[in-house]
Amino acid sequence: MDFDWTYTYSLLWDSDFWRACWTVAQLSISAWLIAGAVGFVLALAKQSRIAPLNWPARIYIWFFRSLPLLVLLVFVYNLPQVFPASSIVLASPFYAGLIALVLSETAYMAEIHRGGILSVPKGQYEAGKALGIRYSGIQRLIVIPQAIRIALPTLSNEFVTIVKLTSLVSVISLTEILLVGQRLYTQNFLIFETMLAVAFYYVLVVTLFDKALIRLESFLDVTQRKARPFVLSDADRKEVQALRESAIEAREQRRQQVSDTPVLQVRGINKHYASHHALQNIDLTVRQGDVISIIGPSGSGKTSLIRALNGLETIDTGSVLVNGRHFLGEHSEECEKSAADQILDIGMVFQSFNLFPHKTALENVMLAPTYHRRGSTRSRRILALSQLYKVGLIEHANKYPHQLSGGQQQRVAIARALAMKPSIMLFDEPTSALDPELVSEVLKVLEQLASEGMTMLIVTHEMQFAFSVSNRVIFMKDGAIAYDSTPEALRNTEDPRVKDFLHQVMH
Ligand code: ADP
Ligand code: MG
């Protein structure tokens, strides 16, 4: 058989093929983007615990993944026979093809996104929640960017699949690449020559987009980025300095007029995990300027308590009041400020930092003030810079979390919590995830905060720190507060439970 190379070659300049390539590109990109967006919503619905969201999502994914695209195409294209009104859109093979592709691909994309969403650590949601960011904000600012980054290789792969699937749209007579080829070889019978050109055009479209997606992937991959040096401009430096001076004045004023209302009141909190009674009748009053260390054996409920105080853990009974207003539990619905606003009075620092890995140190600190629209863009930046200055990291403002040491990350996390100007800061073992040589830099920041009169509740195993910096130490045992006193009284107590514990951790 003679292979007519000249003919194949001539097809590379065929305007019908190039037009068809453009149609395929438009169809594939539209289907990929629409199915990608709708698929994300579907993935969230499938993850949801709300049955009216969860079940339809499950059924959709099950049904459209089972249905062959070819069947769906013929069905959608012929729908106007049953619903004549739909012909406005479906008479066009492009739109009929797009709708069928989107219906089918959304089901696949949802599963791909679900993989991405599941690999965003729980701590990321909690950090967002602790900053008072609502569900949609957490999704938009924290989860989606990370989930998409994780799922992008698989999403790119799905794009290639879509490009190839567009060849099926020829059955509803859309003039895409395969149909142009078919029309040619049914006239001249040069099947191989024509199909070689068809293959060339598909490979070309896939290759071009593959390259673009690889670029997008490396653009979104912050771990590949180089740390940009941060230079504080003179104007910024002056404003940061001025802000710090006014903050010191404000603090002195506050110190002179200490409010009688406790910053935090905890009344009769109980919490069960299944049958395990993790928190038992916890009563606690924290006054302005209190620095309270919470110590106790592992599993005694320290983390549960701290998390219950800012709503990261639900409580069975009892209530939490912040600055005299009901926040959680009984009567919380009566308070004039919503829980979402009151959470801003409580800053939270986690054991594992939970910084947002796709944002720089400065962006991490600015995220909550920006979300809550606190002040102008300029004032938020100055505030964030002054918080970073306070924790000694201003020169690292442009670095991503992975470019910082554990101690530095924790200090950024402290700055991030401080940026919302909370009335009280909660720390859950802030130094436990750190290498020993990095512990002191974080403790120094805590000491500085304590000296500035910040009200703090710190779960810690650093006994020297607990005894030297706190004015109160709480000892927890089996979910209850077993001892609540000054450091001196606790150190000299004859209570065997406390003595045993101190003996174990200090020797
Ligand atoms: P601590 O911080 O003092 O080590 P935790 O507050 O983490 O203690 O845990 C208190 C108890 O509650 C432990 O016995 C722990 O196993 C249990 N617990 C904590 N979180 C959960 C959970 N999400 N589900 C079930 N049990 C839990
Ligand atoms: Mg703990």
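Only a predicted model underlies this, so the values are computations on that prediction, with no experimental measurement involved.

A. Spatial organisation of the packing of aromatic side chains. Here the structure, examined in full by the defined rule, presents 12 aromatic pairs. Consider the rings of Tyr9 and Trp13, whose centres lie 5.2 Å apart with planes at 70°: the pair is edge-to-face. Judged on exposure class, the residue Tyr9 and its partner Trp13 are both exposed. Between Trp62 and Phe63 the ring centres are 6.2 Å apart and the planes differ by 55°, which places this aromatic pair in the tilted class. Grouped by ring-pair contacts, the aromatic residues Phe17, Trp18, Phe200 and Tyr201 constitute a single cluster. In this structure, Arg225 packs its charged tip against the face of Phe219, placed 5.5 Å from the ring centre.

B. Molecular detail of the packing of helix H16 (residues 406-418) against helix H17 (residues 436-451). Running from N to C, H16 and H17 point in directions that differ by 20°, and their axes come no closer than 8 Å. With respect to H17, the element H16 is oriented roughly parallel. Across from Gly406, Gly407, Gln408, Gln410, Arg411, Ile414 and Leu418 in H16, the residues of H17 making contact are Leu438, Glu441, Val442, Val445, Leu446 and Leu449. Counted by class, the contact of H16 with H17 contains seven nonpolar, four polar and two charged residues.

C. Region of the structure containing the sheet that holds strand S5 (residues 325-329). Within the open sheet, the four strands sit side by side as S2-S1-S4-S5. Their pairing is antiparallel. Strand pairing shows two members of the sheet lacking a second neighbour, strand S2 (276-286) and S5, which therefore form its edges. For this sheet, the mean angle separating the axes of adjacent strands, direction not counted, is 25°. On the sheet, helix H12 (residues 302-309) packs against strand S1 (264-273), S2, strand S4 (317-322) and S5 and is oriented at approximately 60° with respect to S2.

D. Fine view of the environment of Asn471. Looking at the element boundaries, Asn471 is found in the loop between helix H18 (463-469) and strand S9 (472-477). Classification of Asn471 as partly exposed rests on a relative accessible area of 35%. When the C-alpha positions of Asn471 and Ala450 are compared, they lie 9.9 Å apart, and in sequence the two are 21 residues distant. When residues no more than four places from it in sequence are discounted, the contact partners of Asn471 are Asp290, Val291, Ile292, Ser485, Thr486 and Pro487. From its side chain, Asn471 meets the backbone nitrogen of Val291 in a polar contact 2.8 Å long.

Calculation criteria
Residues numbered from 1 in each chain as written. Chains lettered and ligands numbered in written order. Predicted model: local features only at pLDDT ≥ 70, side-chain atom pairs only at ≥ 80, totals over all residues. Heavy atoms only, no water. Phe/Tyr/Trp six-rings, centres within 6.5 Å; stacked < 30°, edge-to-face > 60°. Buried < 20%, exposed > 50% of the residue type's maximum accessible area, 1.4 Å probe, protein only. Lys NZ or Arg CZ within 6 Å of the ring centre and 35° of its normal. Axes fitted to C-alpha atoms, helices over the stretch in contact; angles between N-to-C directions. Helix = DSSP H or I, 4+ residues; strand = E, 2+ residues; numbered from the N terminus. Parallel < 35°, antiparallel > 145°, perpendicular 65-115°, else oblique. Contact = heavy atoms within 4.5 Å. Nonpolar A, V, L, I, M, F, W, Y, C, P; charged D, E, K, R; others polar. Pairing = 2+ DSSP bridges. Polar contact = N/O pair within 3.5 Å; in protein donor to acceptor, adjacent residues only side chain to side chain.

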